[in-house]
Amino acid sequence: MPFARPRQLFILSLMMPLLMVQCTSGFYRKRADKETFGILKHKSSKVPNSGDELMNIDPPAPIRMSDLEKKTQSPEFLGERKFVEADASQLTLAKALALSVERNRPYLRRKEVVYLSALDLTLTRQRFSPILAGGGSSTFRERQLEAGVNNFVRTSTLTTDGDVGLSSLGRAGTRIAVDLTTDFVRFFTGGLGRAGDSSLALTLSQPLMRGAGYLAASEVLTQAERSVLYSIRDFTQFRKSFAVDIADSYFRVLQAREAAKNSFMAYQAFKETVKRETAMAEANRRSKSSLGRLQQADISNNRSWISTVRNYERALDSFKIDLGIPVEERIVLDEADLSDLKVIDPPGSLEDAIQTAMTTRLDLWNSRDSVEDGERQVRIAKQELLPTVNSVISYDLDSRPGSRGLELANRQRNVSAGLDLDLNLNQKPERNVLRATEIELQRRQRDLELAEENVRNQIRASWRDLEVARKQYDLAQRGLNVSEQRLNVEEAFMGEGQGTALDLIDAQQDLIDARNLVVSTLI
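Residues numbered from 1 in each chain as written. Predicted model: local features only at pLDDT ≥ 70, side-chain atom pairs only at ≥ 80, totals over all residues. Heavy atoms only, no water.

Draft legend 1. Spotlight on the overall build of the protein chain. Summing up its helical and strand segments, the protein chain has 12 helices and nine strands in all. Expressed as a percentage of its 523 residues, the buried residues of the protein chain come to 34%. Of the contacts made within the protein chain by residues no fewer than 6 positions apart, 74% connect residues no fewer than 24 positions apart. (Helix = DSSP H or I, 4+ residues; strand = E, 2+ residues; numbered from the N terminus. Buried < 20%, exposed > 50% of the residue type's maximum accessible area, 1.4 Å probe, protein only. Contact = heavy atoms within 4.5 Å.)

Encoded structure:
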């Protein structure tokens, strides 16, 4: 067939875009990551202590608990539930923090939010850079007519049209557009050959009043750039509080473990007392009423111990979720971290702490910059009340009549220059926008004042809490010593037959509470 080759070329031209889409998805991902991470790296350099964690948003690798040290012994205080710590991986506070920033789901989501804000910025930046566009169509037609008996006339044509354009928006509002179009027809039969028609158009427009200048024309880009910076600050501030929350949860689990241990020790010690008192009652040296009271207290201690073990397991499983590890994994936290915990006096004075917070709190930086955004938007809203006056220059270049391809002729040109004017006589929409931005500015100023007052209040409250924590810890230590001495006295009285069951029960419960209070005030 004489026309097989054109038909094949036509089919191939239709398949090429599909092949390109299938082959370049990985390439597009790499390009997007390179541009986005470049933005984050540049803007993170302006945020203190932002680190480099934002440079990676890949999913975490499967966790390998085999790399951690194993705890071979199971504690007796867990009773029948001691299997939860059998062959468990031991976690230190440092390792727990490392796991949380690698695997905690809300933490990873916050990182992705920052990445997406920078990804949106790449699209906004593109609006202020040259943008190339192109398209076209190609149609192959074959027609056969019967001109007589056994006489057929066949005509084949290939019609192609294309368009290539380049547009650019300057940061001062200047817009440049270049557009090249061509129509091409090739006749494969009939001796007509080919024919074409092409044109090149160049247009330049510049706002002179409304929308003119860098402030108004680049507002979308300015706000997008600042929004990425705000997002990085929010994440950096969040990371600080996140680390504190993980550490607090870590010690709360240890506190629950200590409570279970204290309940077990109290339960075991009280069981010995009950055994002794039972023997005394059998020898008619104790009343059945006193023995019954002790037996009821023994049952209550047993129930309390079982509850504290359950609370420990519940806290441990919740902490596993915070770390991003399966709840089926067996872990145990390092008790040495609790032993190393101390109550210290804060350095400096309260005024120094407030001043440091007002200077370094990144959320306050965002609030102050938000006020600047509001002031800028008010100035832009005022400019929007002006008439629209745009200067427009265009230059068109066409091909010669009867040309057979992309043949532009310098003599076939058209040049024009003028002004586009809109007096903007209906200013009510712009007036309302201006008033709304003024009110929004007032709101942001109040929000800044409130944020600063809240920070001062938080620092003052935290300072008082530290002072109270020191006193409460000292009192808890004294209370523990008193409770231990009182229990020894009550046990001695009971051994001599001078004490009462109620006093012994109270002394035992006070000792449990005192031990738990020492741990809670320390944390």
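Back to the write-up after that little detour.
Draft legend 2. Quick peek at the packing of aromatic side chains. Throughout the structure, instances matching the rule amount to 11 aromatic pairs. The interplanar angle of 55 degrees and the centroid separation of 5.8 Å between the aromatic rings of Phe27 and Tyr28 together place this pair among those described as tilted. Between Tyr107 and Phe242 the ring centres are 4.8 Å apart and the planes differ by 35 degrees, which places this aromatic pair in the tilted class. Placement of the pair is Tyr107 in helix α4 (residues 105-126) and Phe242 in helix α6 (residues 219-282), with a sequence separation of 135 residues. Grouped by ring-pair contacts, the aromatic residues Tyr107, Phe235, Phe238 and Phe242 constitute a single cluster. (Phe/Tyr/Trp six-rings, centres within 6.5 Å; stacked < 30°, edge-to-face > 60°.)

Draft legend 3. Looking closely at the sheet that holds strand β1 (residues 70-71). Spatially, β1-β2-β7 is the arrangement adopted by the three strands of the open sheet, whose pairing is mixed. Edge positions in the open sheet fall to β1 and β7 (331-333), since each of these has one partner strand only. Helix-sheet contacts for α6 involve β1, β2 (88-91) and β7, and the interaxial angle to β7 is about 95 degrees. (Pairing = 2+ DSSP bridges. Axes fitted to C-alpha atoms, helices over the stretch in contact; angles between N-to-C directions.)

Draft legend 4. Examining a nonpolar patch on the surface more closely. There is a patch of nonpolar side chains on the surface, built from Leu132, Val164, Leu166, Ile176, Val178, Leu202, Leu204 and Ile393 and spanning about 620 Å² of accessible area. Residue assignment for the nonpolar patch shows that the elements contributing at least two residues are β4 (151-169), β5 (175-187) and β6 (194-207). Within the secondary structure layout, Ile393 lies in strand β8 (residues 388-399). The exposure class assigned to Ile393 is partly exposed, which follows from its relative accessible area of 45%. (Patch = residues over 30% accessible without salt bridge, like charges linked within 9 Å, V, L, I, M, F, W, Y side chains within 5 Å. Areas by Shrake-Rupley, 256 points an atom, 1.4 Å probe, with all protein chains shown as cover. Salt bridge = Lys/Arg side-chain N within 4 Å of Asp/Glu carboxyl O.)

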